[in-house]
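Structural overview for review
The residues making up each chain are set out below.
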Amino acid sequence: MKKILSVLLALLMVFALVGCGAKEEAGTDTADSNLVGVSMPTKSLQRWIQDGDNMKAQLEAAGYEVDLQYAGDNDIPTQVSQCQNMIANGAKVLVIAAIDGSSLGTVLDEAKQAGVAIIAYDRLIMNSDAVSYYASFDNYKVGTLQGTYIETALDLANAGDKTYNIEFCAGDPGDNNAGYFFNGAYDVLGKYVDNGTLVNVSGQHTFAEVATEGWSTATCQARVENIINSFYADTQLDAVCCSNDSTALGAINAIAANYKGGNTPVITGQDCDKANVPHIIDGTQSMAVFKDTRTLAERTVKMINSIMSGNAPETNATYPNGTYDVPSYLCDPIVCTADNYKEVLLDSGYYTAADIGQ
């Protein structure tokens, strides 16, 4: 009987120790974690693949464990679930490029309760005080660079009685940045629409009218084709102000297939996607605003280093997200054209010649 009791007591002690270990393992204490979760919206756009690759490479080089996830094809529930898993696995920082800046409420609350810092990456996350920092480019400036390029290319300030016809293609309405891009461009060009120097023949010039769901090339192409067929059968199209390269590619395809005018319209873009650079070189796309994702990744890693060491990251701006002004760091975008693409894209090592078909 004594032997039996001894065995039973020993077993009870083992079970108790195992139970304690299980509880400790299941906890979400991130004090000693070096795990960083990186949530990207989609692989359907080249730029997010590059962002994700750059973030992962630089974070791992800095000694962090990285959980990089892509949320299918811009699937919000997938992004929420992936972020929840990152929190459960002990991530101390989440870097989130939100699909929709207003649709992450639940996971943001969970992160805040778990003491997880959130860096909104490139796209500001709205209406939450759980957002710790925002790292992006100056998105309003992106739009002003596009608008200023059209202003200069058409010499609008010296147009006199001459008029030019323009159409607009903006980005996804769920992307907070899309409004900044469009507003930046329209704040440059709107005065010329108002005084009649620029004629918006279709009459579509508010963000709601020209937004492109999902930044889809096919969606933009279909819309521009309809505009050309409806308004430009016998009218010259002088410019299409496109907010990024996927919408620019849609406009380029529509013009190639449907436009009968003898001129090449001025077309703007953003990101210098591989598919667009040949169009920039041959002039069918006039420019793209280049945002070097390596620079943004580097800045984000610096933010993470500060957070992990218990310090406040360097910031140079604040952005209102509807709840408070989020401490932010805004990198500078630049204009890429046929005149400087070699310096900007090739000499910098961003692309090889083979990447852009040369």
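Quick look at the confidence of the model for the protein
Mean pLDDT for the protein: 91, with 91% of residues reaching 70 or above. Contacts from residues 1-30, a stretch scored under 50 in pLDDT, to residues over four places away or in other chains number 4 contacts.

A closer look at the sheet that holds strand S9 (residues 266-267)
In space, the 4 strands of this open sheet follow the order S7-S6-S8-S9, with parallel pairing throughout. The open sheet has two edge strands with one neighbour each: strand S7 (198-199) and S9. Contacts between helix H6 (residues 176-194) and the sheet are confined to strand S6 (164-169), S7 and strand S8 (239-242), with S6 contributing the most and set at about 160° to the helix.

Details of the pairing of strand S4 (residues 117-121)
Counting buried positions along S4 yields 5 of 5 residues, so the element is predominantly enclosed. In S4, alternate side chains face the same way, and those of Ala-117, Ile-119 and Tyr-121 on one face and Ile-118 and Ala-120 on the other are all buried. Bridge count between strand S3 (residues 93-96) and S4: 4 bridges; the pairing is parallel. Bridge pairing in S4 places Ile-96 opposite Ala-120. Across 3 bridges, the pairing between S4 and strand S5 (residues 133-137) is parallel. Within S5, the residue paired with Ala-120 across the bridge is Tyr-134.

Re the pattern of salt bridges
Counted under the stated rule, the structure contains 12 salt bridges. Of the charged contacts, one joins Asp-129 and Lys-112 as a salt bridge, the two residues approaching to 3.0 Å between their closest N and O atoms. Remark: Lys-112 occurs in helix H4 (residues 105-113) and Asp-129 occurs in the loop between S4 and S5; sequence separation between them is 17 residues. Overall, the relative accessible area of 44% leaves Asp-129 in the partly exposed class. For the salt bridge of Arg-299 with Glu-314, the shortest nitrogen-to-oxygen distance reads 3.2 Å. Here Glu-314 lies in the loop between helix H11 (293-308) and strand S11 (317-320) and Arg-299 lies in helix H11, a separation of 15 residues in the sequence. A cluster of three or more residues bridged by salt bridges with shared partners is formed by Arg-47, Asp-51, Asp-122 and Lys-291.

Structural notes on the side chain of Thr-247
Tracing the backbone through its elements, the reader meets Thr-247 in helix H9 (residues 245-258). At a separation of 2.8 Å, a polar atom in the side chain of Thr-247 contacts the side chain of Asn-244. Residues in contact with Thr-247, not counting those within four places in the same chain, are Cys-169, Ala-170, Thr-212, Trp-215, Cys-220 and Cys-242.

Calculation rules
- Residues numbered from 1 in each chain as written.
- Predicted model: local features only at pLDDT ≥ 70, side-chain atom pairs only at ≥ 80, totals over all residues.
- Heavy atoms only, no water.
- pLDDT = per-residue confidence, 0-100.
- Contact = heavy atoms within 4.5 Å.
- Pairing = 2+ DSSP bridges.
- Helix = DSSP H or I, 4+ residues; strand = E, 2+ residues; numbered from the N terminus.
- Axes fitted to C-alpha atoms, helices over the stretch in contact; angles between N-to-C directions.
- Buried < 20%, exposed > 50% of the residue type's maximum accessible area, 1.4 Å probe, protein only.
- Salt bridge = Lys/Arg side-chain N within 4 Å of Asp/Glu carboxyl O.
- Polar contact = N/O pair within 3.5 Å; in protein donor to acceptor, adjacent residues only side chain to side chain.

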